[in-house]
Amino acid sequence: MELFKPDGHISDEGFAVLLAGDADTLGNLELSEHLAFCDLCCEKYAALLTEDILIEPPVPIAPVVTHRIEKRSRTILFRRIVKVGAAACLAMGLWLAGTGTGVIPVEAIGFLPTVTQSEQMEKIRDRREKEDVALRKSLKAVSEQEKEATPEATLEMKISGAFEELMRSLHDKKR
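Residues numbered from 1 in each chain as written. Predicted model: local features only at pLDDT ≥ 70, side-chain atom pairs only at ≥ 80, totals over all residues. Heavy atoms only, no water.

K.L.:
Hey, could you run me through a positive patch on the surface in this one?
P.N.:
Taken together, Arg 72, Arg 79, Arg 80 and Lys 83 make up a surface patch of like positive charges. Within the secondary structure layout, Arg 72 lies in helix α4 (residues 62-97). (Patch = residues over 30% accessible without salt bridge, like charges linked within 9 Å, V, L, I, M, F, W, Y side chains within 5 Å. Areas by Shrake-Rupley, 256 points an atom, 1.4 Å probe, with all protein chains shown as cover. Salt bridge = Lys/Arg side-chain N within 4 Å of Asp/Glu carboxyl O. Lys, Arg positive; Asp, Glu negative; His and termini not counted. Charge placed at Lys NZ, Arg CZ, Asp CG, Glu CD. Helix = DSSP H or I, 4+ residues; strand = E, 2+ residues; numbered from the N terminus.)

K.L.:
Looking at this model, I keep getting lost on the side chain of Ser 138. Mind explaining?
P.N.:
Residue position: Ser 138 is located in helix α6 (residues 117-148). A polar side-chain atom of Ser 138 sits 2.8 Å from the main-chain carbonyl oxygen of Leu 135. In this structure Ser 138 touches Glu 165 and Arg 168, once residues within four positions along its chain are discounted. (Polar contact = N/O pair within 3.5 Å; in protein donor to acceptor, adjacent residues only side chain to side chain. Contact = heavy atoms within 4.5 Å.)

K.L.:
Help me out: how do you make sense of the packing of aromatic side chains in this one?
P.N.:
Two aromatic rings are characterised by how far apart their centres lie and by the angle between their planes. Summed over the entire model, instances satisfying the criterion amount to one aromatic pair. Look at Phe 15 and Tyr 45: their rings are 6.4 Å apart centre to centre, the planes differ by 15 degrees, and that puts the pair in the stacked class. Of this pair, Phe 15 sits in helix α1 (residues 12-20) while Tyr 45 is found in helix α3 (residues 39-50), placing the two residues 30 residues apart along the sequence. With relative accessibility at 3%, the residue Phe 15 sits in the buried group. (Phe/Tyr/Trp six-rings, centres within 6.5 Å; stacked < 30°, edge-to-face > 60°. Buried < 20%, exposed > 50% of the residue type's maximum accessible area, 1.4 Å probe, protein only.)

Structure, rendered in structure tokens:
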């Protein structure tokens, strides 16, 4: 008794033995292992267990279904390509218009002078030196007033001097 066909699938005799439960232990193990990985034999065995008759369609539907799937996938691919292309065109348009960064670069305008980093650093140093000189002058004036004033007046002068200095620094920062 042959359990398997020459092509490797379970033979009709093998299915009959499997359904009757007459297979020895090794044969039962081989049949079960084959059913675990072969979908065709597993489907046929399930049909035999349920005693359903598998009906073949009169016209093969695989070519029709395959054609519809290919057509649908081409349509989806085309739509995706169009969407990506439109998004790329929009992004390039916005980038070239300068709205991608929110600010148009000075170099793109052409007629505005560009300031180098060293020039910026020099301006910052000059501003700090001016602030330092003004602070030293105010501290010197306050210390001279403290030498001449009474303790109560000294406290008022310190407060008013500190307030004036604060206002001056805030005013300078606004510029």
